[in-house]
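# Survey of secondary and tertiary structure
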Amino acid sequence: MISKILSVFLIAGGLVACSSNAVTGRSQLKLLPESQLQSMAVTQYQQFLTENKVVSASGSRDAEMVTRVGQRITKAVTDYYASKGLSDQLAGYQWEYKLVQSNDVNAWCMPGGKIVVYTGLLPITQNEAALAAVMGHEVSHAIFNHGNERMSQSMGAEALQAGLQVALANKPAATQSLFLGAFGVGSQVGVLLPFSRKHELEADHYGLIWAAMAGYNPQEAIALWQRMEKASNGQKPPEFLSTHPAEGNRIAQLEKYMPEAMKYYKPARN
Ligand SMILES: [Zn+2]
C-alpha cells in the first residue's frame, strides 16, 4: 500500500515523500503538505470552539493553569528547536490553549499549535506538572507530524495526490472525520484511529523533556499514567486511552526516559 502511494507520487511529481524527522531521526511517510494540514486545523479548531463550551481564561483557575502550562511547554519546544537550528520546522505555528467543558478525559494539539484540554482530564492530572506531561505529549504528536503520517497511511493515493482541499470538496464528512481521528480529537467526532506504539513512545519521551524544560518535575508523569490506567478499569474508560493506547509497559518506558528528562529539569521559580 505504502509503496503504491509512493510510486504514484514519484510518477506524479517527483515529490520526496519520505523524510527523517530532524528531532527524532525517524524516517516518516508524510504525503500531505504541512501548510494544508495547518489550514484545515484552523477551520476545524474554530468549528470545535463554536460547538463546545470554552472555559473563559479570566476568572477560572483551571483555564489559567492550562494557558500557563501551555505557554511554558511551547516556549520549551520553541527554545529547543531554536537551539538546534530547527526553528523552520515550526513554521506556521501560532500556539493557542483552550480549556473546554466536557466530561470526556481528553486533550489534543492540532498541527499549527491549537491545543485543547477537556475539563474531564483534570481530575486525573490533579496537578500542574501532570498536566504538563499530557500537554507535552500532545504537542509532540503535532510537531512530529504524527497526524500527517496517519492521514498519509489512511487516505487513498488519488485523494492524497489531489490534496486536502479536493478531498474536502469531494468527501467533506469522511475527510473531516479522518482528520479529527488522526489528531486525537476523539472517536465520538472522528474515526477511531489510535496513535501507533511508535508515536506513543515518541510523544511520551519528548513530552517528558518539554515538561522538564518548562520547569515541571517529569517524575509526575509516572503517577499520572498510573492514574490514567486505573481510571480505565472504571465504567467509562477514558477517551484518552482509546486514542493514546498504553500498549506494553508504558511506565517502564517512562522510567527509561526519565534520567535524560531530569537533565533538563530546573524547578520553576514562581
Ligand atoms: Zn499519544
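In this report, we go over the structure that sits alongside the text.

Calculation rules
- Residues numbered from 1 in each chain as written.
- Predicted model: local features only at pLDDT ≥ 70, side-chain atom pairs only at ≥ 80, totals over all residues.
- Heavy atoms only, no water.
- Helix = DSSP H or I, 4+ residues; strand = E, 2+ residues; numbered from the N terminus.
- Expected span 1.5 Å × (residues − 1).
- Buried < 20%, exposed > 50% of the residue type's maximum accessible area, 1.4 Å probe, protein only.
- Polar contact = N/O pair within 3.5 Å; in protein donor to acceptor, adjacent residues only side chain to side chain.
- Contact = heavy atoms within 4.5 Å.
- Donors = N, O, S within 2.8 Å, 3.2 Å for Na, K, Ca; no water.
- Salt bridge = Lys/Arg side-chain N within 4 Å of Asp/Glu carboxyl O.
- Pairing = 2+ DSSP bridges.
- Axes fitted to C-alpha atoms, helices over the stretch in contact; angles between N-to-C directions.
- Core = buried A, V, L, I, M, F, W, Y, C linked by side-chain atoms within 4.5 Å.

## A word on helix α5 (residues 128–143)
Residues that lie three or four places apart on an α-helix share one face, since the helix turns once every 3.6 residues. Counted at 1.5 Å a residue, the expected span for α5 with its 16 residues is 22 Å, and the 22 Å between its end C-alpha atoms agrees. Most of α5 is tucked away, with 15 of its 16 residues classed as buried. N-capping of α5 is provided by Asn-127, with a side-chain oxygen placed 3.2 Å from the backbone N of Ala-129.

## Some words on the side chain of Ser-102
Turning to its location among the elements, Ser-102 is positioned in the loop between β3 (96–100) and β4 (107–110). A relative accessible area of 16% places Ser-102 in the buried class. With residues near it in sequence (within four places) discarded, Ser-102 still touches Tyr-118, Thr-119 and Gly-120.

## Some points on the coordination of the zinc ion
Protein coordination of the zinc ion is provided by His-137 (NE2), His-141 (NE2), Glu-200 (OE), Glu-200 (OE) and His-244 (ND1), with donor distances spanning 1.9 to 2.7 Å. Counting gaps between the donor residues of the zinc ion yields the pattern H-x3-H-x58-E-x43-H. Taken as a pair, His-137 in helix α5 and Glu-200 in helix α10 (residues 197–213) lie far apart in primary sequence, 63 residues in all.

## Focus on the pattern of salt bridges
Summed over the entire model, instances satisfying the criterion amount to seven salt bridges. Across the pair Arg-68 and Glu-128 runs a salt bridge, and its minimum N-O distance is 2.9 Å. With Arg-68 in helix α3 (residues 61–83) and Glu-128 in helix α5, this pair connects stretches of sequence that are 60 residues apart. A salt bridge links Arg-250 to Asp-204, with the shortest nitrogen-to-oxygen separation between them at 2.7 Å. In this pair, Arg-250 is assigned in helix α13 (residues 250–263) and Asp-204 in helix α10, connecting sequence segments 46 residues apart. Members of the salt-bridge network, linked through shared partners, are Arg-26, Glu-149 and Glu-202.

## Side note on the sheet that holds β4
Reading across from one edge, β3-β5-β4 is the order of the three strands in this open sheet, with mixed pairing throughout. Edge strands, defined here as strands with exactly one partner in the open sheet, are β3 and β4. The sheet shows a mean angle of 15 degrees between the axes of neighbouring strands, direction not considered. Pairing geometry for β3 and strand β5 (residues 114–118), over five bridges, is parallel. Bridge pairing in β5 places Tyr-97 opposite Ile-115. Lying on the sheet, helix α2 (residues 34–51) is in contact with β3, β4 and β5; it crosses β5 at an angle near 30 degrees. Along the sheet, α3 makes contact with β3 and β5, crossing β3 at roughly 150 degrees.

## Here's the deal with the nonpolar core
Residues Tyr-81, Trp-95, Val-117, Leu-131, Ile-143, Trp-210 and Trp-225 are the most contacted members of the largest nonpolar core, which totals 55 residues. By residue number, the principal contributor to this core is α5, which donates ten residues. Excluding anything up to four places from it in sequence, Trp-210 contacts Ile-73, Ala-76, Val-77, Tyr-80, Tyr-81, Gly-136, Ser-140, Ile-143 and Phe-144. Core analysis: the next-biggest nonpolar cluster, separate from the first, contains 27 residues, Met-40, Phe-48, Trp-108 and Met-110 among them.

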